[in-house]
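Structure at a glance
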Amino acid sequence: MKITEHLKEAKSTLFSFEILPPLKGQSLKELLEGISPLMDFKPPFVDVTYHREEFIYKKHPNGLLEKISTKKRPGTVGICAAIMNRFHIDAVPHLLCGGFTKEETENALIDLNFIGVENVLALRGDAPKAEGRFIPEPNGHHFASELVQQIIGMNAGKYLHEETEIGFQTDFCVGVAGYPEKHFEAPSMKFDLKYLKEKVDNGAEYIVTQMFFDNEKFFKFVEDVRAAGITVPIIPGIKPITTLGQITMLPRTFFLDLPDDLMDELEKCKTNQEVKEVGIEWSIAQCKELVERGVPSLHFYTMSKADTTYKIAKEIF
Ligand code: FAD
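Just so we're clear, the structure is a prediction, and the values are computed from it rather than from any experiment. (Residues numbered from 1 in each chain as written. Predicted model: local features only at pLDDT ≥ 70, side-chain atom pairs only at ≥ 80, totals over all residues. Heavy atoms only, no water.)

Points about the side chain of threonine 49
Here is the rule we go by: Helix numbers and strand numbers start at the N terminus; a helix is a DSSP run of H or I with at least 4 residues, a strand a run of E with at least 2. Think of it in three bands: with a 1.4 Å probe and only protein chains considered, a residue is buried below 20% of the maximum accessible area for its type, exposed above 50%, and partly exposed in between. Polar contacts, as used here, are pairs of N or O atoms within 3.5 Å; protein pairs need one atom able to donate a hydrogen and one able to accept it. Residues neighboring in sequence count only if both atoms are side-chain atoms. Whether two residues are in contact is decided by their heavy atoms: any pair within 4.5 Å suffices.
Structurally, threonine 49 can be placed in the loop between β2 (45-48) and β3 (54-59). Accessibility expressed as a relative area gives 7% for threonine 49, which makes it buried. A polar atom in the side chain of threonine 49 sits 2.7 Å from the side chain of histidine 51. Not counting residues up to four positions away in its chain, the partners in contact with threonine 49 are Glu18, Ile19, Leu20, Pro21, Thr76 and His94.

Pasting the structure below:
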């Protein structure tokens, strides 16, 4: 079923979450068993992230370094199939511009359609760590809006090459990313919203936000998005802080601020356990307010660890 249909049918705020494929070499069993308790909260859908290639350097005996491209977390499509089979809920694969030619995107979408995936989150992706800025593949997409266009084109039976005579129409519901604290490359929020609108104008039907810790920033974002003429549902992304390291890592990686009230509490923490307790309390308060304001779903960034999300969801659903 499409995400938009789940949202339309819902009588109250839904519970949904995102997982990461396991590191290469690890089995899927542990991941599926790990998220199984979260089914208590009846998620209609689970997102599965996509991880593009990274470059590693292998040193040879002669001292020369060889640059090797590798994917550390492959398996997004297989995990989606496993989730749908095991839990009978929708799986939403993340699909990137980065690392894909248009041809590869088309083939990936055909695979997804064949295994029964009805929703995709269309993203640009970031540059690989070793590269400073995002560079599309030759004949790849520069921005998520172009990827949305390709997917919506396939929904209309439009394929890349004219020799495809019978254009089977896919029927994907497409989601896109939104940034309550602005995407880090956008020079202003107005600029960012212009291109968020382009994604929606090209056919995206819902928005999932980057994590945020200050609800006021989310409420302001929703206001600005609506003022920009975007009417699709906006699903807030929730991430509880669970370790001392995340206090500096999350702002650095995701270009977001931690509110003073939260920082006052976190600064008193000496151990990860103490941080986790503060993080859970903060997320519960955030979620309660978001539910009161009638958000369509609370979408948890679980990092494939279910225990923290379970504790929060138990207080909300
Ligand atoms: P876009 O919408 O293409 O925007 C990128 C930047 O370009 C923005 O600054 C925008 O303002 C600007 N822009 C857009 N269009 C134009 C234009 N036509 N001209 C000029 N500027 C333009 N990354 C992964 O690698 N894997 C994942 O699974 C993943 N999942 C995510 C899930 C969510 C909910 C979110 C919020 C992010 C996720 N990301 C993921 C990270 C995402 O790939 C990065 O944030 C990336 O830098 C931007 O992706 P986007 O789709 O928002 O890009």
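From this point, the discussion proceeds with the structure in view.
Brief notes about helix α7 (residues 215-227)
To keep things clear, this is the line we draw: Helix span, as expected, comes to 1.5 Å for every residue beyond the first.
Over its 13 residues, α7 extends 18 Å from the first C-alpha to the last, a length consistent with the 18 Å expected when each residue adds 1.5 Å. Residues of α7 that are buried sit in contact with β7 (173-178), α6 (189-201), β8 (206-211), β9 (234-238) and α10 (272-292). N-capping of α7 is provided by aspartate 214, with a side-chain oxygen placed 3.0 Å from the backbone N of glutamate 216. Positioned one or two residues after α7, glycine 229 has a phi angle of 90 degrees, which is positive.

Some points on the site of the ligand
Test applied: Throughout this document, a residue counts as near a molecule or strand when at least one of its heavy atoms sits within 4 Å of that molecule or strand. To be clear on the numbers: accessible area is Shrake-Rupley with a 1.4 Å probe, and residue cover counts the displayed protein chains and nothing else.
If you check the shell around the ligand, you find 24 residues, and the closest are Asp126, Tyr179, His183, Asp192 and Lys199. In the model, an oxygen atom of the ligand is placed 2.9 Å from a nitrogen or oxygen of the arginine 124 main chain. One of the backbone nitrogen or oxygen atoms of glycine 125 is found 3.0 Å away from an oxygen atom of the ligand. Considered on its own, the ligand offers 980 Å² of accessible surface; in the complex 87% of this is hidden by protein. Of all the secondary structure elements, the ones that give two or more residues to the shell around the ligand are β5 (90-96), β6 (119-123), α6 and β8.

Regarding the pairing of β8
Filter applied, for reference: If you view a crossover with the strands going away from you and the path from the first strand over the helix to the second runs clockwise, you call it right-handed. If DSSP finds at least two bridges between two strands, the strands pair.
Burial runs high along β8: six of the six residues are buried. The parallel pair β7 and β8 is bridged by α6, and the resulting crossover is right-handed. The pairing of β8 with β9 spans three bridges and is parallel. If you follow valine 208 over to β9, its bridge partner there is isoleucine 235. Between β8 and its parallel partner β9, the chain crosses via α7, and the hand of that crossover is right-handed.

Comments concerning the layout of surface pockets
Threshold: For each structure, a 1 Å grid was placed over the protein atoms alone; sets of points admitting a 1.4 Å probe that cannot get out are labelled cavities, open sets with protein on both sides within 12 Å along at least five of seven lines are labelled pockets, and lining residues have an atom within 4 Å of a point. Grid points are joined across faces, edges and corners, and a volume is the space filled by probe spheres set on the points. Residue polarity follows a fixed list, in which Ala, Val, Leu, Ile, Met, Phe, Trp, Tyr, Cys and Pro are nonpolar, Asp, Glu, Lys and Arg are charged, and the others, Gly among them, are polar.
Here the second largest pocket is characterised by a volume of approximately 460 Å³. Around the second largest pocket, the lining comprises 23 residues; the ones closest to its centre are Leu20, Thr302, Met303, Ser304 and Lys305. Secondary-structure elements contributing two or more residues to the lining of the second largest pocket are α2 (28-35) and α11 (306-316). The dominant element in the lining of the second largest pocket, judged by the number of residues it contributes, is α11, at three residues. For the lining of the second largest pocket, a count of residues per class yields eight nonpolar, nine polar and six charged.

Observations concerning the packing of α2 against helix α3 (residues 76-87)
Just so we agree on the cut-off: Angles shown run from 0 to 180 degrees and are taken between the N-to-C directions of axes, each axis being a line fitted to C-alpha atoms and, for helices, limited to the stretch in contact. Should an angle fall under 35 degrees it is called roughly parallel, over 145 degrees roughly antiparallel, and 65 to 115 degrees roughly perpendicular, with every other angle called oblique. Crossings are sorted by hand: turned counterclockwise from the far helix by less than a right angle, the near helix makes the crossing left-handed, and turned clockwise it makes it right-handed.
It is at 12 Å that the axes of α2 and α3 come closest, and there the two elements cross at 45 degrees. Relative to α3, the element α2 lies oblique. Crossing angle aside, the handedness with which α2 passes α3 is right-handed. The segment α2 lies against α3, with Leu28, Leu31, Leu32, Glu33 and Ile35 engaging Ile79, Ala82, Ile83, Arg86 and Phe87. Here the contact of α2 with α3 is built from residues that sort into eight nonpolar, no polar and two charged.

Considerations on the environment of glycine 99
Along the chain, glycine 99 falls in the loop between β5 and α4 (102-114). For the pair glycine 99 and leucine 196, spaced 97 residues apart in the sequence, the C-alpha separation amounts to 22 Å. If near-sequence neighbours (up to four positions away) are discounted, glycine 99 is found in contact with Arg52, Glu53, Glu104 and Glu137.

Concerning unusual backbone geometry
A positive phi is found at histidine 88, a non-glycine position, where the angle reads about 55 degrees. Positionally, histidine 88 belongs in the loop between α3 and β5. Under the relative-accessibility criterion, histidine 88 is labelled exposed at 67%. A positive phi is found at lysine 182, a non-glycine position, where the angle reads about 80 degrees. Secondary-structure assignment places lysine 182 in the loop between β7 and α6.

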